[in-house]
Amino acid sequence: MATRGYRKGDEQSGDGIYRCVGNLTISRAATTEREIDLMPDGMTIDLSGVEKMDTVGAWLVYRAVRDRGARVEGASEDVAGLLEQVKQADKPVRVVPEQEGGGFKRTVGELGEYIVDAGQTFHGLLNFFGATLIGFWNVFKRPTQRLRWNAVVQRFDLVGVRALGIIGLMSFLIGVVIGQQGAVQLRQFGAEIYTINLIGRITVRELGTLMTAIMVAGRSGSAFAAQLGTMKLTEEIDAMRTIGVSPVEALVIPRMMAAIIMMPLLSFYAMIMTIIGGGIYVWLDLGIPPLTFVQRLQEVTPLTDLWIGLIKAPVFGFIIALVGCFQGMLVEGDAEQVGLKTTAAVVQAIFLVIVLDAVFAVFFSSVGWV
Amino acid sequence: MSTSPTLPEGEKAVICIRGLRNAFGEEREQVIHEGLDLDVKRGEILGVVGGSGTGKSVLMRSIIGLQTPESGEVEVLGESMIGRDEDEAKNIRRRWGILFQNGALFSTLTVAENVEVPLREYFHLTPKLMDEIASYKIAMAGLPPDAGPKYPSELSGGMVKRAGLARALALDPELLFLDEPTAGLDPIAAQNFDELILSLRDKLDLTVFLITHDLDTLYAICDRVAVLADKKVVACGTIEQLLALDHPWIQEYFNGPRGRAAAAA
């Protein structure tokens, strides 16, 4: 079937007849719309030459009749039927939800909503914190029955063992960077030897735990949120509740225990790897042999630094798991929510970890662990 | 008339499948279809039935190109579907609409925007015209106007199906694939949906390929029914013709208590 398109009739002579020839379908809808727009109001649309019409073509003709007072001529039975169809379906529909107010008003409104949201999130987080404490208490009371060892051990593997590779590599490289940057700067004062102090103290006291927490938040916090969120969507969590299994006990507590127990272990491992990285750099660049490096490290790094690092680790682990599980449980509705909440879980976990780290820093300094 | 799944020589089919073979598993040992033949006539509503696991959905996926068969020929609207490149396939995809079992609406878009997706993909229309097209498609699918700006997560199950149907109809397809359209709907909603499909077929001159488990749907709207069993289409015909066969599955299906209830309705 050849598409001959339409002829605009005798536009020049101004008889106002729009003759459609061939296919009046969606493929030529844009052209047809333009051509009808150019015609004067009260035009006559001649459909006698139409071979094939679809609803889009019918809509264009119907619209001209409705809005521009056009008359239709020569419509076959099929064509007239289709025109009637679209006429019946003419119910204007909004495409996107209504938005209230103008620019400034809306901005203020959005800001307000954002603040209320943040407040509610914090409130919800405290609630969830309480629920997990109750969950922990229930598990603690009857650990043989209520603690799901299988789940816990599986989480140990996922959160801890499987993170060894990436955290080890990252820590090693950070060690090299600290050693290199430290050496370059301290060399200006002829104090290269203090590179060892720098490596030892910054790693054990701060970076080992902090970088591990950031990595665990990215790896496991996001996974917790996505897993629980998806389970929420597929109604698995509702199913659990109705069977009488507490989702907090079955899902949240194993993840929290894994994060709390694995964080100090991973942090310690990260410290060691960073020190190895720094030590190798110091050996190669400054010519300080490993044995000397270790001896010097022992002299300049107080044991309290290690305690500070290791005390922070389980707290960070708890925060990461808490926020991850909390955001996962907030998922409602559709797949996009899972993405949004996973992002929120990671961002909030890292933010809270850094805030707490600052609090810890001030606290430990003021109790004299300098 | 026979109950052969293929049409007699000379009659033109909209969908024509010959010797289709689909198999899954690492060594392709799990054969779903073997030597499957089927023809779909222009303008008919063909119901496809079969027990769970007989590969109804796989058959549909093979026809629409989501699943590449091991061997066999699939022709849709006179074009072979096997071994097509993307551009050629696009020309055929324009001419069909598909309603997936769970709607498969894009969750980040509103219902109206969902309907506009195929329009945007294939044509350069003015935004006003696209909004209008979406509006009347939504009305044709039997949705109230306030459903347009809603997101899929805000819709009920029946409304999701209707919204999916509106999107399937967006390009005025010649061919409509429906995967269990009435599954999960209450009987009244299912009946309304049946009527909707029937009236759309008559109004818009559609050919409908319908997978269903719903005996009421089969009796109410299907012109012919294809029965999937023993890895192929064992029979295809009107329900009366199928009842005359003595295939055990067909007898059990149509003469079971549910089948008889649907027949009586």
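For every chain, the first residue of the written sequence is number 1, and numbering continues from 1 along that sequence. Numbering of ligands from 1 and lettering of chains from A proceed in the order in which they are written. In keeping with the model being predicted, local features are shown solely for residues with a pLDDT of at least 70 and side-chain atom pairs are shown and tallied solely at 80 or more, while totals for entire chains, interfaces and linings include all residues.

Enquirer: Teacher, can you tell me more about the overall build of chain A here?
Expert: Secondary structure is summarised from DSSP: a helix means a run of H or I of at least four residues, a strand means a run of E of at least two, and numbering begins at the N terminus for each. In terms of regular secondary structure, chain A is built from 13 helices and three strands. Counting every position in chain A, which comprises 370 residues, the buried fraction comes to 36%. Two residues qualify as being in contact provided that their C-beta atoms, derived from the backbone, are within 7 Å of each other. The contacts of chain A with a sequence gap of at least 6 include a subset with a gap of at least 24, amounting to 81%. Between the buried cut of 20 or more and the exposed cut of 12 or fewer other C-beta atoms within 10 Å of a residue's own C-beta lies the partly exposed class, and all C-beta atoms are placed from the backbone.

Enquirer: Any chance you could explain the interface of chain A and chain B here in plain terms?
Expert: Interfaces are often described in size by the accessible area the parts lose on coming together. Listed as interface residues are 23 residues of chain A and, on the opposing side, 28 residues of chain B. Among the secondary structure elements, those contributing two or more residues to the side of chain A that touches chain B are α1 (29-38), α2 (55-68), α3 (77-88) and α13 (335-366) of chain A. For the side of chain A that touches chain B, the per-class residue count stands at 13 nonpolar, three polar and seven charged. Here the nonpolar group is Ala, Val, Leu, Ile, Met, Phe, Trp, Tyr, Cys and Pro; Asp, Glu, Lys and Arg are the charged ones; every other residue, Gly included, is treated as polar.

Enquirer: Is there a simple way to think about the sheet that holds strand β3 (residues 71-73) of chain A in this case?
Expert: Within a sheet, each strand pairs with its neighbour through backbone hydrogen bonds, oriented either parallel or antiparallel. Residues and elements named next belong to chain A. Only when DSSP finds a minimum of two bridges between them are two strands counted as paired. Pairing is parallel across the open sheet formed by three strands, whose spatial order is β1-β2-β3. Looking along the sheet, the strands with just one partner apiece sit at the ends: β1 (17-24) and β3. Averaged over neighbouring strand pairs, the angle between their axes works out to 30° when direction is ignored. As defined by bridge partners, strand β2 (residues 44-53) adjoins β3 across three bridges and the pair is classed as parallel. Among the inter-strand pairings, Thr44 is bridged to a residue of β3, identified as Arg71. Lines fitted to C-alpha atoms define the axes here, with helix axes fitted over just the stretch in contact, and angles between the N-to-C directions of these axes take values from 0 to 180 degrees.

Enquirer: What am I meant to see in the packing of helix α7 (residues 164-187) of chain A against helix α8 (residues 195-233) of chain A here?
Expert: Axis angle and axis distance: for two packed helices, these are the angle between their axes and the distance between the axes, and together they describe the pair. Residue and element names in this part refer to chain A. Two numbers describe how α7 lies on α8: the axes approach to 10 Å, and their chain directions differ by 145°. By crossing handedness, the relation of α7 to α8 is classed as right-handed. Between α7, through Ile166, Ile167, Met170, Ser171, Ile174, Gly175, Ile178, Gly179, Gly182, Ala183 and Leu186, and α8, the contact on the second element is made entirely by Thr195, Leu198, Ile199, Ile202, Leu207, Met211, Thr212 and Met215. A breakdown of the residues in the contact of α7 with α8 according to their chemical character gives 13 nonpolar, six polar and no charged. It is the rotation of the near helix from the far one that decides the hand of a crossing: anticlockwise by less than a right angle makes it left-handed, clockwise makes it right-handed.

Enquirer: I'm lost on the sheet that holds strand β7 (residues 175-179) of chain B in this one. Help?
Expert: Residues and elements named next belong to chain B. As summarised here, the arrangement of the six strands in space is β6-β7-β8-β3-β9-β10, forming an open sheet in which the pairing is mixed. The strands lining the two open edges of the sheet, one partner per strand, are β6 (96-99) and β10 (232-237). The average angle at which neighbouring strand axes cross in this sheet is 15°, direction not considered. In the sheet, strand β3 (residues 45-50) pairs with strand β8 (residues 207-211) via four bridges, with the strands oriented parallel. The residue of β8 that forms the bridge with Gly47 is Leu210. Across the sheet, helix α5 (residues 157-168) is in contact with β6 and β7; its angle to β6 comes to roughly 165°.

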